[in-house]
Amino acid sequence: MSRVVALTGSAAVALAVSAAVALPARASASADDALSLSAGAGERGYVGLRLHATPGVAATIRDETTGKQRIVTPTLADSRLRRFARWTCTERERRFTVTQPGPDGAVLTAEASVTTPSCSHRLEFVAPRSVRADHPVAVSVRDRWRLGGVVARFCVRAPGMDRRCRRLRVPSGRQFRHVRFHDPRPGAYRLTLRTRHQRVRRTVRARPHGGRLRVLATGDSMIQIIDSYLSQRVGSRRDVRVRSDARISTGISKPSLLDWQAHARRQAASHPDVVVMFIGANDGFSMGGIGCCGRPWIAEYARRARAMMRTYARGGRARVIWLLLPGARENPFQSLFRAVNAGLRRAARGLEDDVRLIDLGEIFTPGGHYRDRMKVGGKVVKVRNGDGVHLSPAGASLVANLLIRTLRGERMLSR
């Protein structure tokens, strides 16, 4: 038989206080049993997780970005899962979910998210600032995430040349990929590394032999005065040496006075880094029984000029800048100059990496119209001599400045 005891007064108050104190203790026990998950990207290349779960009960963690999941059975209420997932370039917002059986057959769920760094600074070059010309260059591509498995497009643009590109892969699990290229001529080499998410640039300068860029200014009387201005404006620098070799009244079509193909071989033996050629005003002679200035003559002129271009270039070690003749005032120079220019254009086809043609006709005789004077720097100056063929000192000065800008633009000549 049960007894009902009624409490009154101070006894009832004491029981009520006791019950109130016991409630927080039960709530705390419920918090300890709760499931929670947090994510962080503090370690470079990886996402780490912190799991709070019931020990001894299997929990399933799912990477919602990749769909991969892992089952873990924690031995402690709080667990740290280092390197649970890798950073990716395509998905920066990473979300993870965890499920674990709870009491009374319920399934507990928790989730966490983290934003990983961008790939815009993932790759970098490890390369020297300067090297010696005509030597192999060793460059390393570094994955700052230290994960590897990344593919990039690696390009090298040598001075005066088009870009040369190839596919480059940093092997999975590797931090570095080493690559080599050859720098045949002095100047600044631009390296580019490109992925979908970033572009890295680096400049490596190839130093000329002896520390000075060797410039050869040569040709017939057309190169005169131009060579003097080149020598004054850049030849006085400590890192440039300009040598002039003007052969008056000579021509490619008149080897009886000077065999230019043989002379080019002698000049190339001194290893110039840049050859500036201006010739043709004294040409027009028959070559092998072929008279000037039809297609057969142009073809033979192109053959001889091309041989000289290749000799000067020395397999890519030198840059050849060949000046085309500006229009003359009178015949027969007009037809001769057109034939010479046509032969030079034909000669330079396919040699663009080594040879650059500068059409002075576009500057001095635009549209084929001869003019003695033109506006330079806001002033009208005389740019041609009285013979209607040669450049005046002002015209030669203009060409010298153009050559200097060209060499700087092609990164052969530093600022």
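Before reading on, note that the structure itself is shown above.
Computed from a prediction, not measured in an experiment: that's the story for all the values here.

Rules used throughout
- Here the residue numbers are simple positions, counted from 1 along each chain's written sequence.
- Local features are withheld for residues below a pLDDT of 70 in this predicted model, meaning they are given only at 70 or higher, and side-chain atom pairs are given and counted only at 80 or more; totals for whole chains, interfaces and linings count all residues.
- To obtain the side-chain values, all non-hydrogen atoms of the structure were used and water was disregarded.
- By convention in this document, the label disulfide applies to cysteine sulfur atom pairs within 2.5 Å.
- Helix and strand definitions here come from DSSP, where helices need a minimum of 4 consecutive H or I residues and strands a minimum of 2 consecutive E residues; each element is numbered from the N-terminal end.
- Burial classification: accessible surface area is computed with a 1.4 Å probe over protein chains only, and a residue below 20% of its type maximum counts as buried, one above 50% as exposed, and the rest as partly exposed.
- Note on charges: Lys and Arg go in the positive column, Asp and Glu in the negative column, and His and the chain ends are not counted at all.
- In the sections that follow, a salt bridge refers to a side-chain nitrogen of Lys or Arg positioned within 4 Å of a carboxyl oxygen of Asp or Glu.
- Contacts are residue-level and defined by heavy atoms, with any inter-residue pair within 4.5 Å sufficient.
- One bridge is not enough; two strands pair if DSSP finds at least two bridges between them.
- An axis is simply a line fitted to the C-alpha atoms; with a helix, the fit covers only the stretch in contact. Between two such axes, the angle follows the N-to-C directions and lies from 0 to 180 degrees.

Attention now moves to the state of the cysteines. Under the criterion given, the structure shown has 3 disulfides. Two residues, cysteine 89 and cysteine 119, share a disulfide whose sulfurs are 1.8 Å apart. Its S-S torsion of about -75° marks the bond between cysteine 89 and cysteine 119 as left-handed, since a negative value means left-handed. With a gap of 30 residues between them, cysteine 89 in the loop between strand S5 (78-86) and strand S6 (93-101) and cysteine 119 in the loop between strand S7 (107-115) and strand S8 (123-126) connect regions that are remote in the sequence.

Note that aspartate 227 resides in helix H2 (residues 226-233). There is no salt bridge for the buried aspartate 227, and the closest opposite charge comes from arginine 247, which lies 10 Å off by N-O distance. Dropping the residues within four chain positions of it, aspartate 227 is found in contact with Ala217, Val242, Ser244 and Ala246.

On to the sheet that holds S5, then. Strands pair in a sheet through their backbones, by hydrogen bonds, and they do so in one of two ways: parallel or antiparallel. Strand order in the open sheet made by the 3 strands is S1-S2-S5, with antiparallel pairing throughout. A single partner strand is all that each edge strand has here, and the edge strands are strand S1 (36-40) and S5. Each strand axis lies, on average, 25° off the axis of its neighbour in the sheet, ignoring direction. Here S1 pairs with strand S2 (residues 46-52) via 5 bridges, running antiparallel. Bridge pairing in S2 links leucine 37 to leucine 51.

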